[in-house]
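Chain by chain, the residues run as shown.
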Amino acid sequence: MSTNRNKYLFIVVSFLLWFPQFLYVPIFSPYMKSLDGKYTFIGIVLSSYGIMQLLCRLPIGIFSDVKKVRKPFIIFGMLASMLSCSIFLLTDSLGWILAARALAGIAASTWVVFTVLYPSYFANHEVHRAMGSISFIVVLAQFLGMSFSGYIVSEWGWKAPFWIAVCFSIIGMILSLFIFESEEGIEREPLKVKELAAVIKEPSLLKVAFLSILAHSIIFSTMFGFTSNYALQIGFTESELTYIVFAFMIPHAIATPFMGRVLVPLMGKWNALKTAFFFASVFTLLIPFVHSKGLFLAVQIFCGFSLGLIFPLLLGLAIEKIAPEKRATAMGAYQAIYAIGIFAGPFFAGIFNSLMGIKAGFYFVGILGLVATMLIFLWSKMDAESAAIKVEQSRRKSNTGI
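Residues numbered from 1 in each chain as written. Predicted model: local features only at pLDDT ≥ 70, side-chain atom pairs only at ≥ 80, totals over all residues. Heavy atoms only, no water.

**Q** An account of the overall build of the protein chain is needed here, citing residue identities and associated values.
**A** Check the secondary structure of the protein chain and you find 15 helices and 0 strands. Relative to the globule expectation of 21 Å for 402 residues, the C-alpha radius of gyration of the protein chain, 21 Å, shows essentially globular dimensions. Along the longest, intermediate and shortest principal axes, the C-alpha atoms of the protein chain span 80 × 50 × 40 Å. Split into buried and exposed, the 402 residues of the protein chain put 53% on the buried side. Across the protein chain, contacts joining residues at least 24 apart in sequence account for 85% of those joining residues at least 6 apart. Across the protein chain, the mean location of the 30 positive side-chain charges is 5 Å away from that of the 19 negative side-chain charges. (Helix = DSSP H or I, 4+ residues; strand = E, 2+ residues; numbered from the N terminus. Rg over C-alpha atoms; globule rule 2.2 N^0.38 Å. Buried < 20%, exposed > 50% of the residue type's maximum accessible area, 1.4 Å probe, protein only. Contact = heavy atoms within 4.5 Å. Lys, Arg positive; Asp, Glu negative; His and termini not counted. Charge placed at Lys NZ, Arg CZ, Asp CG, Glu CD.)

Below, the structure is given as structure tokens:
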């Protein structure tokens, strides 16, 4: 019962980290525009979220491993989230809004510690199940926050989402004080600089991180980027954008536990990942060819499901070959690297959209998905050949010994 209580409390705190941050995302850009913010400045504010994660995630992971604790960093993240939402609520200054969004990026950076502490509640062979569960919570927070923000603003005004976000973040801050961390769960031998460098240079970690850059480039250039703009062009109204959120996010949420419990046991990790990337690429490339609302929503269902398969598996692959006492460093490196995709993907997609029209951005990130599929095919083939060579060498040594 105590173990289950720890898991449930941690899940609630994880939800309360993300829900306040996504509650205002769909209306954030229009809100800044209503304050006479220029598009250039709005772009800087939006990119500050990814940039702070790029700068902060790895140091947080390293510092957590060096200090051999996770909980204080989680509390710090909840505090940063609460302060960020409070600043949004208390001021209309564009400068302070930039500071608040950067603070939200710092709060998001502490997610590296969340994704290391939660699997410690599980047995080693259940790491993918743990990652699937916690990824589901992130998607659920995204879905619920993004689904209701437009309605909240239409009923109670621009500041209403920030009021709600502050209330939920205060609750999360209080609950984070009661999460459990075992003092015996992490070895107490101090990490050495050489060991940290070795973790960061781990080939499997770098491969997974690069794939995650491509995956984040896709989702932040589509659902969290230009999908709504294209939808408005083909006849959707602003109020109907909620349908797109539902069409994408519900399958996205369903896919996260499905990957760890069904697809990986059935196909294997690399084959499952390759299939998910391929279908994410195909359905992203189909978006510019769709001009009817019904078909567009159908494409979003498959896009959401395909991308929902990718992220939990990448999370598990990032740390499965890393020693437990070094996993926060590995996760910090992984999440810092994939933060490149959070701002670089939409940045380059925006350039292509400006030069060649809004369809070009979907072609760009769709091709990125095909690149990921090809890389997985090559890397999995190399791993299989390497494993076969090792088996053959072991067999020969065994025969020689006889």
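**Q** Got a sec to walk through the environment of L211? Specific residues and values, please.
**A** Relative to the helices and strands, L211 is located in helix α10 (residues 203–233). Considered as a pair, L211 and A349 are 138 residues apart in the sequence and their alpha carbons are 18 Å apart. Residues in contact with L211, not counting those within four places in the same chain, are W270, L273, F277, L314, A372, L375, I376 and W379.

**Q** Break down the packing of helix α4 (residues 71–90) against helix α5 (residues 94–109) for me, citing the residues and quoting the values.
**A** Relative to each other, α4 and α5 sit at 160°, their axes nearing to 8 Å. Classified by the interaxial angle, the pair formed by α4 and α5 is roughly antiparallel. Seen along the crossing, α4 lies across α5 with a hand that is left-handed. From α4, F76, G77, A80, S81, L83, S84, I87 and F88 reach across to α5, where they touch W96, I97, A100, R101, L103, A104, I106 and A107. Taken together, the residues of the contact of α4 with α5 break down into 12 nonpolar, 3 polar and 1 charged. (Axes fitted to C-alpha atoms, helices over the stretch in contact; angles between N-to-C directions. Parallel < 35°, antiparallel > 145°, perpendicular 65-115°, else oblique. Left-handed = near helix turned anticlockwise from the far one by under 90°. Nonpolar A, V, L, I, M, F, W, Y, C, P; charged D, E, K, R; others polar.)

**Q** I'd like to hear about the nonpolar core, residue by residue, with values.
**A** Membership of the largest hydrophobic core comes to 128 residues, with the highest contact counts inside it found for F10, W18, L273, F296, I310 and Y334. Ignoring sequence-local partners within four residues, the contact set of L273 consists of L211, I310, L313, L314, L317 and I376. (Core = buried A, V, L, I, M, F, W, Y, C linked by side-chain atoms within 4.5 Å.)

**Q** Describe the side chain of H216, listing the residues and the values that go with them.
**A** One can find H216 in helix α10. Excluding residues within four positions of it along the chain, H216 makes contact with F311, Y338, G341 and I342.

**Q** With reference to specific residues and values, describe helix α8 (residues 160–176).
**A** For α8, spanning 17 residues, the distance from its first C-alpha to its last is 25 Å, which sits close to the expected 24 Å at 1.5 Å a residue. Restricting attention to buried positions, one finds in α8 the residues A160, P161, F162, A165, V166, S169, G172, M173 and S176. (Expected span 1.5 Å × (residues − 1).)

**Q** Provide a residue-level description of a nonpolar patch on the surface, including the pertinent values.
**A** A grouping of F347, F348, I351, L355 and M356 is seen on the molecular surface, where their side chains present a nonpolar patch of about 550 Å² in accessible area. Its place among the elements puts M356 in helix α14 (residues 327–356). The exposure class assigned to M356 is exposed, which follows from its relative accessible area of 58%. (Patch = residues over 30% accessible without salt bridge, like charges linked within 9 Å, V, L, I, M, F, W, Y side chains within 5 Å. Areas by Shrake-Rupley, 256 points an atom, 1.4 Å probe, with all protein chains shown as cover. Salt bridge = Lys/Arg side-chain N within 4 Å of Asp/Glu carboxyl O.)

**Q** Outline the packing of aromatic side chains, listing residues and values.
**A** Summed over all chains, the structure comprises 23 aromatic pairs. Taking the centre distance of 6.4 Å and the plane angle of 25° together, the rings of F279 and F283 count as stacked. Residue F279 and its partner F283 are both found in helix α12 (residues 269–286); the two are separated by 4 residues, about one turn of the helix. Exposure remark for F283: the relative accessible area of 16% places this residue in the buried category. (Phe/Tyr/Trp six-rings, centres within 6.5 Å; stacked < 30°, edge-to-face > 60°.)

**Q** Tell me about the environment of I97, and please be specific about residues and values.
**A** As for its placement among the helices and strands, I97 is situated in helix α5. The buried category is assigned to I97, whose relative accessible area is 0%. For I97 and G37, which are 60 residues apart along the polypeptide, the C-alpha to C-alpha distance reads 11 Å.

**Q** Describe the side chain of T222, and please don't skip the residues or the numbers.
**A** Summarising the element assignment, T222 is placed in helix α10. At 2.6 Å, the side chain of T222 forms a polar contact with the backbone oxygen of I218. Once residues within four sequence positions are removed from consideration, T222 is found in contact with T227, T284, F362 and V365. (Polar contact = N/O pair within 3.5 Å; in protein donor to acceptor, adjacent residues only side chain to side chain.)

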